[in-house]
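Analysis of the macromolecular model
In case you want the letters, here they are:
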Amino acid sequence: MERPLTQYIHPGCPPFDIREYEMTGGYSALQKVLKSMTPQEVQKLVQDSGLKGRGGAGFNTGMKWSFVPMGDSAPHPKYLIANADEMEPGTFKDRLLLEGNPHQLIEGMILAAYAIQADVSYIFLRWAYKKAAQLLRKSIHEAYAAGLLGKNILGSGFSLEMHLHTGVGRYMCGEETALLNALEGKRATPRAKPPFPQISGLYGKPTIVNNVETLCNLPHIVNNGAEWFKSLGNGSADSGTKLYGVSGKVNNPGCWELPMGVTVRELIEEHAGGMKNGYQLKGFLPGGASTDFLTAEHLDVKMDFASVTAAGSRLGTGTMVVMDDATCPVGFVHNLQHFFAQESCGWCTPCREGLPWVEKLLLSLEQGSGTTEDVELLQMHTQWLGPGNTFCALAPGAMEPLQSALKYFREDFEKHVALRRCPYQ
Amino acid sequence: MITQKINKDNITTSGDTAHYTEGLQEEQYLTDLERQAIDHEVALVPYKSAAVIEALKIVQHHRRWISDDSLNAIAAYLQMSPAEVDSVATFYNLIFRKPVGRHVILVCDSISCYVMKYGDIYKALQEKLHIKFGETTSDQCYTLLPNCCLGCCDHAPAMMIDNDLYKDVTVDMLDRILQKYS
Amino acid sequence: MSTIYIDNKQYEVKAGKNLLEACLGLGIDLPYFCWHPALGSVGACRQCAVKVFKDENDTHGRLVMSCMESIRDGLHLSVSDKTAKAFRSQVIEWLMTNHPHDCPVCDEGGSCHLQDMTVMTGHDYRRYHYKKRTYTNQYLGPFIHHEMNRCIQCYRCVRYYHEYAGGKDLNVFAAHNHVYFGRERDGILESPFSGNLVEVCPTGVFTDKTLREHYTRKWDLTTAPSVCNHCSVGCNTIAGERYGQLRCITNRYNSQVNGYFLCDRGRFGYEFVNSANRITQPLIRNRTVEAVDEAVLMDHLRALLTNHTLIGIGSPRASMESNIALMQLVGKENFYQGISDNAVFVEKRIVEVMQSGVIKTASLHDIQQSDAIVILGEDLWNTAPVMALAVRQGVMKTAAHQALQNRAIAEWHDAAVKELVQQEKGFLANCTVSSSPLDEISSSVMHKAPEDLARLGFAIAQRLNMVLPVVQLNDDMSTPAAVIAAALQKAKRPVIISGAGYYNEALIRAAFDIAAACKATAEEVHLAYVMPECNSMGLAMMQASGFENAVLRTSRVNNVTAIVLENDLYRNVPAQIADVFFNNCQHCIVLDSLHNATTQHADVLIPAASFAEADGTLVNYEGRAQRFYQVFVPANKNMQESWKWLMKMQPVQTGSAVERSYHPEEVLAMGEQLLPRLSGITAVAPPRNFRVNGQPLPRAPHRYSGRTAMLSNLTVSEPKPKQDYDSPFTFTMEGYSGMPPSPLIPFFWSPGWNSNQAVNKYQEEPGGSLKNEHAGKLLFEYKQDATPVYFKDIPEAFMVRHEKWLLLPQYEVFGSEELSAYSKGISELSPSPYAALSQLDADPLSLVNGSLITVKIFEQVYELPVRINAAIPKGVMLMPAGLAGMPVMAWNSWVQIISIRL
Ligand SMILES: Cc1cc2nc3c(=O)[nH]c(=O)nc-3n(C[C@H](O)[C@H](O)[C@H](O)COP(=O)(O)O)c2cc1C
Ligand code: SF4
Ligand code: FES
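Parameters at a glance
Residues numbered from 1 in each chain as written. Chains lettered and ligands numbered in written order. Predicted model: local features only at pLDDT ≥ 70, side-chain atom pairs only at ≥ 80, totals over all residues. Heavy atoms only, no water. Helix = DSSP H or I, 4+ residues; strand = E, 2+ residues; numbered from the N terminus. Rg over C-alpha atoms; globule rule 2.2 N^0.38 Å. Contact = heavy atoms within 4.5 Å. Lys, Arg positive; Asp, Glu negative; His and termini not counted. Charge placed at Lys NZ, Arg CZ, Asp CG, Glu CD. Buried < 20%, exposed > 50% of the residue type's maximum accessible area, 1.4 Å probe, protein only. Areas by Shrake-Rupley, 256 points an atom, 1.4 Å probe, with all protein chains shown as cover. Pairing = 2+ DSSP bridges. Axes fitted to C-alpha atoms, helices over the stretch in contact; angles between N-to-C directions. pLDDT = per-residue confidence, 0-100. Near = heavy atom within 4 Å. Nonpolar A, V, L, I, M, F, W, Y, C, P; charged D, E, K, R; others polar. Buried area = accessible area lost by both parts, 1.4 Å probe. Polar contact = N/O pair within 3.5 Å; in protein donor to acceptor, adjacent residues only side chain to side chain. Salt bridge = Lys/Arg side-chain N within 4 Å of Asp/Glu carboxyl O. Phe/Tyr/Trp six-rings, centres within 6.5 Å; stacked < 30°, edge-to-face > 60°. Lys NZ or Arg CZ within 6 Å of the ring centre and 35° of its normal.

Things to note about the overall build of chain C
- A count of helices and strands for chain C gives 26 helices and 37 strands.
- For chain C, the C-alpha radius of gyration of 28 Å lies close to 29 Å, the compact-globule estimate for 902 residues.
- In chain C, the share of contacts with a sequence separation of at least 24, taken over all contacts with a separation of at least 6, comes to 74%.
- Considering chain C, the positive charge centre built from 82 side chains and the negative charge centre built from 91 side chains are found 3 Å apart.

Listed below in structure tokens is the structure:
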């Protein structure tokens, strides 16, 4: 089984420095691209490979790039940004890549930057990843020293600057347009799309924001080709491998690179070692806090974009949170809604006012003062805080676990009302 | 449920006793080190105000929190108004506009840690330090804050003290951990 | 034009707009908050949701924010769609979760956009049962009251104050549902445009603090269309009264002058009307002062007006009607402008230039549309604040147009446009004596003495038209001159602005030469000269000579009866000169509304109605005549328009007995007779007998309450409503209840729209001109084929004198204007006297800020604290102009510093 992204990552050991990275084939993709491929060819290759964004939305990466204005008349500087904000509760996959192999990300970024002819690149790193920050700083430095960043990279005429930016804490910073505002030194409120960042992004210039994992795939796609990448999918409709994670009351929580489309069962039972003794699986969020619950009946669902969607949820970040039978679903969802309400940026009405209301409703249910009408109000919010009604995807994301909790664990909600207390306490 | 009285001061500014330093000269306030670091960031962006978050981080790094004087000094240095700087400063969770202790304890309160009962950790910390979330010990040693997902859900519950990450935290471990910072 | 379908009805709408604008423009009620026609769309509040359908077969549709969707040909949308309606009412419910429902005690109640929208969406039942979030409020100074709990987080305040008006001290703080709108800490709002927050905020967060002193609901006000009388811009206002007191001033939209916004001097400077210092009764001074009634007064006047040489002293702050009536009474040759000869000289030149018709005058709208602006020697920020705001818009809009070129982004998409623009600015050259907030948006900033600025101007003109004489400039000026000329050469719609502020006539000529030279390359050139007071232009057009000439006359003739019209001469000329005048006159009749240094000299003092109690016409800096209407009849019937008094004096003077009353248009017609250059001024407004459907127009809205009870403490019988013979208005709510034509709008109201946002209903399209807009009468006519005659005579460069300083006025938004200074808040913000100097001049004398210097100006000696300002040119000293209690200075004379206390 191939694990291109994590092959050289050994938790506990320091990551490769530039020399070690190069010795294992690192930066050969960059050499190849600079020598023999046009930006358009790189775009086409990535498009053909079927790489979909690993940041959550799952949009074809090469396609996303193709909206960037190219050629002499294109505005400059153009920007390439690695989204390493990873603040989605339950998500810890980018950390592995950042701490485990920073050069892989840097190489991926240079490739992406070349494909869109960016002049400047940023890594937008969340503040909590202190170790990653240190490693990235060192690695960027090494790459500059080796002539892989800066002016006229490897004599190709292509130049790229790279900066590390560490955030100061706000989930919104992960949303790509809010991230741009944060980079500009502003409040990280999102921007309306259109115009998309590809047209008017950082400082009003064409910009691509890609997730860390997305970018880390690029060197391997360049080295091994589109067909190879597709074949990694192991029979799934999606290409490549994926970093999957499991957290919660399982025996062996963790994060693994596996072929796209492993089943939930394999993930939980094999990789995560099954539920801890005495606990039953009650439900799980397949891809982070803003995905719909699935339940034990979905154990055979394949973890790829289309299959999880078909099952009624989203692949999201691919890092799953398991809810056991001793955990109250209402309390669980309340914890999530508290997070989302706190992290709302305060820009649009439904999110700013709706989420705190939802949070209060859930709390009152938990505390035993909730009513049937309160449950209806929760349902009502899931309807109105949907995509398109709010300014960005934060609130719709928040509604996903709520709406599915109301669907699968309705009884639990009703018990809270009937018993006037939380039955789990 | 208590009503929060939200006042511009208690979301942002603090019990800072320093008087309003009108016409404060940033040269007198920011240290050489701070200014150099800010200058470095300014050089990377198209205009000064784009470096404001960096400047806040730099000054906070040296002084633990952003006092009104710091805010004014940064504003003057970047040719912004105090309101413009504060608008940005108060948006972010980890720019402190109130004094914090020498060590900031961030307890993850997000979903995986919730499932893994971070609540027990919090309760134990409360008992040991006699402070609740948002408070600072009277000896100014610790400030205790809740924090969203630390990206270490496979080792929940997790917490961070200053730059150090603690995984799979149990109540028993707390004394040993806290000892390091006293 | 595009065809769109709204609820299956076909409409033709203007392309390039968004759906919200289209719906509102078609008169369809659609609620909104964050969108504002002057601010554009950001899509934050989510209130304006509609359904959009792919085509006529699509039954499902998609919910979109109408303010964020462009009009597309063939687009189908539904406003009445069930889901869209339910969502809109849901948005209100969310906003209401934290809104305090304190309407009964809220100043916004009855004119609240939030109330209107709540009713419009039908939300009426609370399902949120938890404690509301509460905030503490801030002290924001004397004008604005802050009540944050009412906030609905629409972000309009910051977007207006910070982004539109450039104010730096108001912002949004914190995040999620704790966002807070205010200052970084308590304190006085710094922007002189803060009052617009009252109208921009859709609820009661920012309200008019001065109104709180004598609060009245909008529906209980008697209002009339008025014109601001605190500077020469002539912003259109609505003035409201109750119980004989003027209560508030709000903006009266028009597309050509002030648009949506006023300055704080205009909005809050009204309190002089209610001042205890008002003259209420005719006073006759013999050995004692005696208050008399009209009959006694007239009797007394007979002796003064007959067998005497009458000298009339006009006024730049009195209406055209009053000045004309005075001229008519005393005779053209005996009429003098009550301002100094210096000012007359400069203003006369301005009138000549404008009269020549070579260059169009610049309306504020023209300034906003301009792509390059040059300000030559006028401190706009302080002398014509709303013009400065328009300049800012011009600069911003130009940058936006440039950024949007070849981009598929709509102009209304405010956030996206700002992102493209970043910190780019359109071209503005601010060439003045001292610094101002306009500097920071200027591409070229120059601070020089007026002579040098004039030279700069001529040099720019010469670079645009090589035929003109070359001006020798130092390097520090020749480069900017080249830069400015290059920018003007590229500009399609340049505007040149100068003014009378420094009493420097060369500036006027230089500004004209630049504008004339621009004609060769530009599509349209506009020129504006700021004038000192609200009717300075009108008075200047009457072309009388200055006050010093009147003084000369009185020294030659010894039986003079002087009639001084609404003019404190001690503010316009040095005291010695005024003193001589009063000594020379045998009798002196003064008409004014407030006691002042001049009224002290009156043998007969006649109470003049203020603008709020008067009908009249003012001519603004563009030569635009605009009518203001009487708001209320003062309790004391002796307070009458000066022109009415003066017209009554005529029969007294001529001995004819016929008593008849005149109306404003008749007085204006007299003016046209006397002064052909005023021809056309009678067209300023509809005639007094104008009616709609045979009905007059009510000043009070239909909800006006207490009509029968208001005076019940005085009399139990309902008093007969006051009659108005001078205008198409009634003083009550009776009359035509529809929408009045544009110059006659006493308040903006439309069913369901009680707040000022009702203005949408009065406009052709949101943010466009009013329906059948009649924005006054422009008295200067542009002559297409008039060929420019350049002035060319270039002044000598400014020479610094040894130990002497050229004394120039520094105007202050708050404090320099006479009448507004009676408002408590304005006097609070007015500075105390100072002398401002360049750093270069302060250093050799070891002066620091606050050092006391004693200066000598002719024989007068003053001690003043020093203010050092690096922007001031060497050799120049600035002192605040027109502060209450500060004597008139001999501007443009040389002063000495005779002693220093550090
Ligand atoms: C509220 C919110 C938070 C997000 N946080 C992250 C994040 O932390 N990391 C990330 O890569 N994408 C995040 N996203 C998704 C990004 O907006 C964006 O789609 C992604 O970075 C694109 O990268 P990709 O195309 O490589 O997936 C977030 C989106 C939303 C709405
Ligand atoms: S204060 Fe008024 S204008 Fe500002 S966000 Fe709140 S409601 Fe809107
Ligand atoms: S008016 Fe359209 S979203 Fe606010």
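Section: the overall build of chain B
- Along chain B, the regular secondary structure elements total nine helices and six strands.
- The burial tally for chain B puts 59% of its 182 residues in the buried class.
- Counted over contacts in chain B with a minimum sequence separation of 6, partners at least 24 positions apart contribute 64%.
- A total accessible area of about 8000 Å² is found for chain B, and carbon and sulfur atoms account for 49% of it.

Things to note about the sheet that holds strand E21 (residues 444-447) of chain C
All names here are of chain C.
- Spatial ordering of the open sheet is given by E18-E23-E22-E19-E20-E21, a layout of six strands whose pairing is parallel. Looking at the sheet topology across the chains shown, the edges are occupied by strand E18 (360-361) and E21.
- Lying on the sheet, helix H13 (residues 385-404) is in contact with strand E19 (372-376), strand E20 (427-432), strand E22 (494-499) and strand E23 (526-530); it crosses E19 at an angle near 145°.

Digging into the confidence of the model for chain C
- Across chain C, pLDDT averages 96, with 100% of residues at or above 70.
- Complex prediction metrics read pTM 0.96 and ipTM 0.96.

Observations concerning the sheet that holds strand E12 (residues 236-242) of chain C
Residues and elements named next belong to chain C.
- Read across the sheet, three strands follow the order E11-E12-E13 without closing on themselves; strand pairing throughout is antiparallel. In this open sheet, the two strands that pair with only one neighbour each are strand E11 (222-227) and strand E13 (245-251). When strand polarity is set aside, the average angle formed by the axes of neighbouring strands in this sheet is 30°.
- Pairing geometry for E12 and E13, over six bridges, is antiparallel. Opposite Thr237, over in E13, you have Asn251 as the bridge partner.

Brief notes about the site of ligand 2
- Contacts to ligand 2 come from 13 residues, most closely from C:Cys151, C:Cys154, C:Tyr155, C:Cys157 and C:Cys201.
- Its residues assigned to classes, the shell around ligand 2 shows ten nonpolar, two polar and one charged.

A closer look at the interface of chain B and chain A
- The interface is formed by 40 residues belonging to chain B together with 53 residues belonging to chain A.
- Here chain B packs against chain A, burying approximately 3600 Å² in sum over the two surfaces, 61% of which is carbon and sulfur.
- For the interface between chain B and chain A, the tally reads 19 residue pairs in polar contact (both at pLDDT 80 or more).
- Looking at the side of chain B that touches chain A, the elements with two or more residues in it are helix H4 (52-63), helix H6 (82-89) and helix H7 (111-115) of chain B.
- Here the side of chain B that touches chain A is built from residues that sort into 26 nonpolar, nine polar and five charged.

A closer look at the interface of chain A and chain C
- The partner chain C presents 41 residues to the 43 residues of chain A that form the contact.
- At the boundary of chain A with chain C, total buried surface from both sides reaches about 3300 Å², with 58% on carbon and sulfur atoms.
- Seen at the junction of chain A and chain C, the total is two salt bridges.
- The partner of A:Lys186 in a salt bridge is C:Glu419, with the nearest N and O atoms 3.3 Å apart.
- Taken together, chain A and chain C are joined by 20 residue pairs in polar contact (both at pLDDT 80 or more).
- Elements supplying a minimum of two residues to the side of chain A that touches chain C: helix H12 (329-343), helix H13 (349-366) and helix H14 (372-384) of chain A.

Some thoughts on the pattern of salt bridges
- For the structure shown, the criterion picks out 75 salt bridges over all chains.
- Residue A:Glu184 is joined to A:Arg191 by a salt bridge in which the shortest nitrogen-to-oxygen separation is 2.8 Å.
- For C:Asp841, the salt bridge goes to C:Lys874, with nearest N and O atoms at 3.5 Å. Separated by 33 residues along the polypeptide, C:Asp841 in helix H26 (residues 839-842) and C:Lys874 in the loop between strand E35 (860-868) and strand E36 (876-880) bring together distant segments of the chain.
- Each of the salt bridges in this network shares a partner with another, and the network as a whole consists of A:Arg54, A:Lys93, A:Asp94, A:Glu213 and A:Lys242.

Considering the packing of aromatic side chains
All names here are of chain C.
- A full pass over the atoms with the stated rule returns 41 aromatic pairs over all chains.
- With a centroid separation of 5.9 Å and an interplanar angle of 5°, the aromatic rings of Phe798 and Trp894 are classed as stacked. Of the two residues, Phe798 is situated in the loop between strand E31 (777-778) and strand E32 (805-810) and Trp894 in strand E37 (residues 894-901); the sequence distance between them amounts to 96 residues.
- A network of ring pairs unites the aromatic residues Tyr160, Tyr164, Tyr253, Tyr260 and Phe261 as a single cluster.
- If you follow Lys360 out to its NZ or CZ, it ends over the ring of Tyr782, 5.1 Å from the centre.

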